[in-house]
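# Descriptive analysis of the structure
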Amino acid sequence: MSKKLAVLPGDGIGIEIVAEALKLLNYLKSNGLALEMIEAPVGGAGYDAAGKPLPDETLELVKESDAILLGAVGGPQYENLPRELRPERGLLGLRSELGLFANLRPAILYPQLADASSLKADVVAGLDIMIVRELTGGIYFGEPRGIREKDNGEREGFNTLVYSESEVDRIARVAFDIAMKRGKRLCSVDKANVLEVSELWREVVTRVGTDYPQVELSHMYVDNAAMQLVKWPRQFDVMVTKNMFGDILSDAAAMLTGSIGMLPSASLDANSKGMYEPIHGSAPDIAGKGVANPLATILSVAMMLRYSLNEMQLAERIEKAVGTVLDAGLRTADITSSGMQEVGTREMGDAVVAALQAG
Ligand code: NAD
């Protein structure tokens, strides 16, 4: 049966990079992948089309789709809009409306790009980490929150860090399932020496671990995890952590790989329905110039095939095709270095399709 994909290019370079992903998907369709693709506006494009960043029709479409491919949202022309109409609200709306609680952020260093990392090549060579971040709970959503006045007239800001057992249980299961498909090692990151929330987190993760005896589970305090990520990142296979810790650690891990234009992400619900997007934004500084790197979006398609559409082999073929193109020396401006052939967005997309065809 044909699966339904909602395609939301969004704003800025989102339009250019999603066009390359569609090129690839159309190639796969012509070779037997049963997929229906429907495009809809979101972010600034949603505001332009329907007066809000997540138009009703877009929301209806994503709810009835099996997966969502998103480009990026945002742009300077939308910055002065009231907060609830800003493009980023469209993204938050998608996450909460669809219950996308599990954010998967791989940090993979392609050997061909080892020089792009800010760390020494021998420290990062072979880096392949999956960070699983809880996305819809924790301190970013906890109540009560606000800024209040104390008796002495001074103001204080406050937020609430709260996780229920079921929230920890479900994110832990996602992480263990992923570890089973990879190196079977899971590191749970917390701050159990200081926070009661983390104490419970650790207890629940350990309990879930008894259902996955083949996975080697370890626990690490978040401050140490930050240190270990830059000291010896290859020790990690899969990491699981709460919303705020994951926000910070996944950005640090991303930079180990050198280029923001190479990194995909997935956000999944309880039934593996997912939204797939590059981790970067709409890059207004290069939008419309045809120079954006489409590989993060193309690799997001690979994640979609693996996690939502159950097409493991196709996912691997796409990842291999990206490797082939890099081996051939093709580079967009963000990852180029001397001796390489600099290409634009379209040429890079064409090259991946050609490598897929040849491989
Ligand atoms: P950004 O990720 O858009 O850009 C940061 C830098 O990286 C820029 O110099 C940009 O040119 C470069 N870059 C990003 N993606 C690239 C690619 N594929 N190829 C080559 N170079 C690339 O972050 P920003 O400049 O802080 O934000 C710009 C806009 O994007 C803002 O409106 C912001 O709110 C939004 N944003 C959206 C998302 C999202 O849609 N998920 C994420 C982050 C930022």
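### Examining the pattern of salt bridges
Tallied over the entire structure, the rule returns 17 salt bridges. Its salt-bridge partner being K52, residue D56 comes within 2.8 Å of it at the nearest N-O pair. By relative accessible area, K52 is classed as partly exposed at 33%. Two residues, R105 and D251, come together in a salt bridge whose shortest N-O distance is 2.9 Å. Note that R105 is positioned in strand β4 (residues 102–108) and D251 in helix α9 (residues 243–256), a separation of 146 residues in sequence.

### A closer look at the nonpolar core
With 69 residues, the main nonpolar core has L25, L104 and V132 as its most contacted residues. Of all the elements, helix α10 (residues 295–307) adds the most residues to this core, at nine residues. Two domains each donate at least three residues to this core, and these are domain 1 (1–101 + 269–359) and domain 2 (106–131 + 163–261). When residues no more than four places from it in sequence are discounted, the contact partners of L25 are L5, L33, L35, M37, L69, V301 and M304. V124, L229, F245 and A253 belong to the second largest nonpolar core, which has 19 residues in total.

### With respect to the domain arrangement of the protein
One can read the domain layout of the protein as domain 1 (1–101 + 269–359) and domain 2 (106–131 + 163–261). Just the C-alpha atoms count here: the centres of domain 1 and domain 2 sit 24 Å apart. Summing both sides of the interface, domain 1 and domain 2 together bury roughly 1,400 Å²; the carbon and sulfur share of this comes to 69%. Taken together, domain 1 and domain 2 are joined by zero salt bridges. Linking domain 1 with domain 2 are five residue pairs in polar contact (both at pLDDT 80 or more). Where the side of domain 1 that touches domain 2 is concerned, the elements lending two or more residues are α10 and α11 (312–327). For the side of domain 1 that touches domain 2, the element with the highest residue contribution is α11, accounting for six residues. For the side of domain 1 that touches domain 2, the residue count by class is eleven nonpolar, three polar and four charged.

### A word on the pairing of strand β12 (residues 274–278)
Within β12, five of the five residues are buried, leaving the element largely enclosed by the surrounding structure. Because side chains alternate across β12, one face comprises the buried residues G274, Y276 and P278, and the other comprises M275 and E277, equally buried. Two elements, strand β3 (residues 67–72) and β12, share three bridges in a ladder whose sense is parallel. Residue pairing across strands places L69 opposite Y276, the latter belonging to β12. The antiparallel hairpin formed by strand β11 (residues 264–268) and β12 contains five residues in its connecting segment, where S272 sits at a positive phi of about 65°.

### Here's the deal with the environment of L8
Structurally, L8 is set in strand β1 (residues 3–10). Overall, the relative accessible area of 0% leaves L8 in the buried class. Distance in space between the C-alpha atoms of L8 and N293 is 18 Å, their sequence separation being 285 residues. Contact partners of L8, with chain neighbours within four places excluded, come to A40, V42, T58, V62, I68, L69, L70, G71 and L94.

### Description of the environment of M262
The topology assignment puts M262 in the loop between α9 and β11. When the C-alpha positions of M262 and G339 are compared, they lie 20 Å apart, and in sequence the two are 77 residues distant. Ignoring any residue separated from it by four or fewer positions in sequence, one finds M262 in contact with Y110, L113, N293, L295, A296, L299, L326 and I335.

### Description of the packing of aromatic side chains
Counted by the stated rule, this structure contains three aromatic pairs. Between the aromatic rings of Y163 and W201, the centroid separation amounts to 5.5 Å while the plane-to-plane angle is 70°, which identifies the pairing as edge-to-face. Of the two residues, Y163 sits in the loop between β7 (155–158) and α6 (165–181) while W201 sits in helix α7 (residues 196–209), which places them 38 residues apart along the sequence. Accessibility classification places Y163 together with W201 in one group, the buried group. Positioned above the aromatic ring of F158 is the side chain of R148, whose terminal nitrogen or guanidinium carbon lies 3.8 Å from the ring centre. R170 extends its terminal NZ or CZ atom over the ring of F101, reaching a point 4.0 Å from the ring centre.

About the thresholds
- Residues numbered from 1 in each chain as written.
- Predicted model: local features only at pLDDT ≥ 70, side-chain atom pairs only at ≥ 80, totals over all residues.
- Heavy atoms only, no water.
- Salt bridge = Lys/Arg side-chain N within 4 Å of Asp/Glu carboxyl O.
- Buried < 20%, exposed > 50% of the residue type's maximum accessible area, 1.4 Å probe, protein only.
- Helix = DSSP H or I, 4+ residues; strand = E, 2+ residues; numbered from the N terminus.
- Core = buried A, V, L, I, M, F, W, Y, C linked by side-chain atoms within 4.5 Å.
- Domains from an automatic or database assignment.
- Contact = heavy atoms within 4.5 Å.
- Buried area = accessible area lost by both parts, 1.4 Å probe.
- Polar contact = N/O pair within 3.5 Å; in protein donor to acceptor, adjacent residues only side chain to side chain.
- Nonpolar A, V, L, I, M, F, W, Y, C, P; charged D, E, K, R; others polar.
- Pairing = 2+ DSSP bridges.
- Phe/Tyr/Trp six-rings, centres within 6.5 Å; stacked < 30°, edge-to-face > 60°.
- Lys NZ or Arg CZ within 6 Å of the ring centre and 35° of its normal.

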